[in-house]
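Listed below, chain by chain, are the residues.
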Amino acid sequence: MFELLKEQPADNILALMGMYASDKRTKKLDLGVGVYRNSDGITPIMDAVKKAENVLIKKQISKSYVGLLGNLDFVTGMKELILSNSISDYNYVGAQAPGGTGSLHQIFLLLKQANPELTVWISNPTWPNHSSMLKHLGLNFSYYRYFSEQTGIVDFDGMFADLQQAKQNDVILLHGCCHNPTGANLTVSQWEEVAKLCERDGVMPMVDLAYQGFGHGLNEDVEGLRLMASMVPELAVAASCSKNFGIYRDRVGVVLYCNKDNQVLPIVSGNLKSVNRLTYSFPPDWGATVVSTILYDKNLRQSWDNEVNGIKNSINALRLELKNALRRCTKSDRFAFLTDHTGMFSRLGLSSKQVIALRQEHAVYMVGDSRINIAGLNSQTVEFLSNAIAKVL
Ligand code: LMR
C-alpha cells in the first residue's frame, strides 16, 4: 500500500540540520534551526526547569490521563503570562497542545471546521511551516507584504494596503514578537492600526507567539498583542514554550481563544477538546506541568524571569557585536539593521548564491533566504561569520 505514497518535500530548516550534521569539517557554524546556544555552544536546560522537574519527580504520584484540554493550571498561567488583564477571565478559553506547531495546527483545524472558505493572510515572508501547514490542511491563504529588503524594517504601508483586501471572516496571522524569519516587528501603534482594521472589517487576528521575552522583555514583547486583545471582538493565540523555557523536545504549547461575547466560548472549548481527541487525544503532560510549576512558584518564577532576561541580553549583545564586526569586515553599514531587529532571527539580505557559497566554501549554515539564528552565535563565531560574509559579497 504505502508504495503508493509520493515523496514529500523536505522542510528547508530541518533539512539544513541534517546537512550540518554530516559536514565533516571541524570548523563549521550552524545558524539554521532556531535554538538558543550559550557561549559554549550548548543549548542548556534552564535552572528553573531543572528545579521544577525535581519538584515534580518527588510530587507526581500518578501518570493517569489528565484531560483533553491538558493541564488547566498551565493554560491559566499561560493566559496570565501572555495576555495578563487585557482579557478578563470570563472571556477566553484555552487548551494545551504539543508545542507552537501543535497549537497552530489545532487553531487551523477549528478555522477549517468553522468556515472552509475563509482565507488566512500570512506575512511575506513568514515561518515556512505556516504555508506548509495551511496547504496540508487545505485552507486558502494569501500573503501580505511585510518586510522591506531595502530598509530592513517592516513595510507597514504595503502591509496595511494588502490587509485592506481581507474579507469579513478572514483571518490575519501575525507574529506576536521577534518575527521569524526577518526579526523586524510592528510598533505598538501599528498593532493598534491592525486591530482597528480587524474590528472594522470583521477579520479575526490570530497570533503566533514563539519568542516572548527574547526581544525587549516578557511584558514589553506582548504590549502590542495585549493592546490588540483589548480592542478586537475575538482573537486566537498559538503560543510556544519551546524557546523561552528551553524545552524544545518536550513539546509544550497553548491555544488561547478570546471573545468579548462569552456565549461562544463553551462551543469553542468543546471543539478544542474534540480536535485534540481526534488528533492525539491527550496533550503530553510533563513539560506543561513543569511550566505551570514555574509560573506558580515565586522563586522559580523569579529565577526563570532572570534566565529569560539573560538570554535576551546575550542575543542583543550579539546583535551589536555582529553589526560592528560586519561593519569592520565589509567596510559598510549594510548590516546596521541588525540592532533594529529583535529575537533569534535576522534576515541578512544575501542572495541564494551567496548563501550556498557560505555553506560550501566556509561551512556556514543559514536558511536559504539568508535567515540567521543570532542565538546560535558567540563572540568567537561572530568574527568567523563576519569574515566569511565579507568574502562572499
Ligand atoms: C525555526 O524557525 O527554526 C524554529 O521555529 C524551529 C522550527 O520548528 O522550524
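Residues numbered from 1 in each chain as written. Predicted model: local features only at pLDDT ≥ 70, side-chain atom pairs only at ≥ 80, totals over all residues. Heavy atoms only, no water.

Here the focus is the domain arrangement of the protein chain. You can read the domains of the protein chain as domain 1 (10–44 + 312–392) and domain 2 (65–296). Placing the centre of domain 1 and that of domain 2 at their C-alpha centroids yields a distance of 28 Å. Taken together, the contacts link 20 residues of domain 1 with 24 residues of domain 2. Regarding the contact of domain 1 and domain 2, the summed buried area is about 1700 Å², with carbon and sulfur atoms giving 57% of it. Of all residues in domain 1, Lys 312, Thr 342 and Arg 347 bury the most surface against domain 2, accounting for 34% of the area lost on that side. (Domains from an automatic or database assignment. Contact = heavy atoms within 4.5 Å. Buried area = accessible area lost by both parts, 1.4 Å probe.)

Another point: the side chain of Asp 208. Of note, Asp 208 is situated in strand 6 (residues 204–209). No salt bridge is formed by the buried Asp 208. Its closest oppositely charged neighbour is Lys 243, at 9.0 Å. Once you skip the residues sitting within four places of it in the chain, Asp 208 turns out to touch Leu 104, Trp 127, His 130, Leu 173, Leu 174, His 175, Gly 176 and Ala 238. (Helix = DSSP H or I, 4+ residues; strand = E, 2+ residues; numbered from the N terminus. Buried < 20%, exposed > 50% of the residue type's maximum accessible area, 1.4 Å probe, protein only. Lys, Arg positive; Asp, Glu negative; His and termini not counted. Salt bridge = Lys/Arg side-chain N within 4 Å of Asp/Glu carboxyl O.)

Moving on, we get to the pattern of salt bridges. Tallied over the entire structure, the rule returns twelve salt bridges. The closest approach of N and O atoms between Asp 201 and Arg 200, which form a salt bridge, is 2.8 Å. For Arg 200, a relative accessible area of 53% puts it in the exposed group. Put simply, Arg 328 and Glu 383 hold a salt bridge, and the shortest N to O gap is 3.0 Å. Here Glu 383 lies in helix 13 (residues 379–392) and Arg 328 lies in helix 11 (residues 298–330), a separation of 55 residues in the sequence. On the basis of relative accessibility, which here comes to 32%, the residue Glu 383 falls in the partly exposed class. One salt-bridge network, in which partners are shared between bridges, spans Lys 79, Glu 80 and Asp 89.

Further remarks concern a nonpolar patch on the surface. A cluster of nonpolar side chains, Met 1, Phe 2, Leu 4 and Leu 5, forms an exposed patch at the surface whose accessible area comes to about 570 Å². Topologically, Leu 5 is positioned in the segment before helix 1 (12–22). Residue class for Leu 5 comes out exposed when judged on its relative accessible area of 60%. (Patch = residues over 30% accessible without salt bridge, like charges linked within 9 Å, V, L, I, M, F, W, Y side chains within 5 Å. Areas by Shrake-Rupley, 256 points an atom, 1.4 Å probe, with all protein chains shown as cover.)

Attention shifts here to the packing of helix 4 (residues 99–114) against helix 9 (residues 265–279). Between helix 4 and helix 9, the shortest axis-to-axis distance is 10 Å and the interhelical angle comes to 115°. In terms of orientation, helix 4 lies roughly perpendicular with respect to helix 9. The two elements helix 4 and helix 9 cross, and the hand of that crossing is right-handed. Each of His 105, Gln 106, Leu 109, Leu 110 and Gln 113 in helix 4 lies in contact with helix 9, whose residues at this interface are Val 268, Asn 271, Leu 272, Val 275, Asn 276 and Thr 279. By residue class, the composition of the contact of helix 4 with helix 9 is five nonpolar, six polar and no charged. (Axes fitted to C-alpha atoms, helices over the stretch in contact; angles between N-to-C directions. Parallel < 35°, antiparallel > 145°, perpendicular 65-115°, else oblique. Left-handed = near helix turned anticlockwise from the far one by under 90°. Nonpolar A, V, L, I, M, F, W, Y, C, P; charged D, E, K, R; others polar.)

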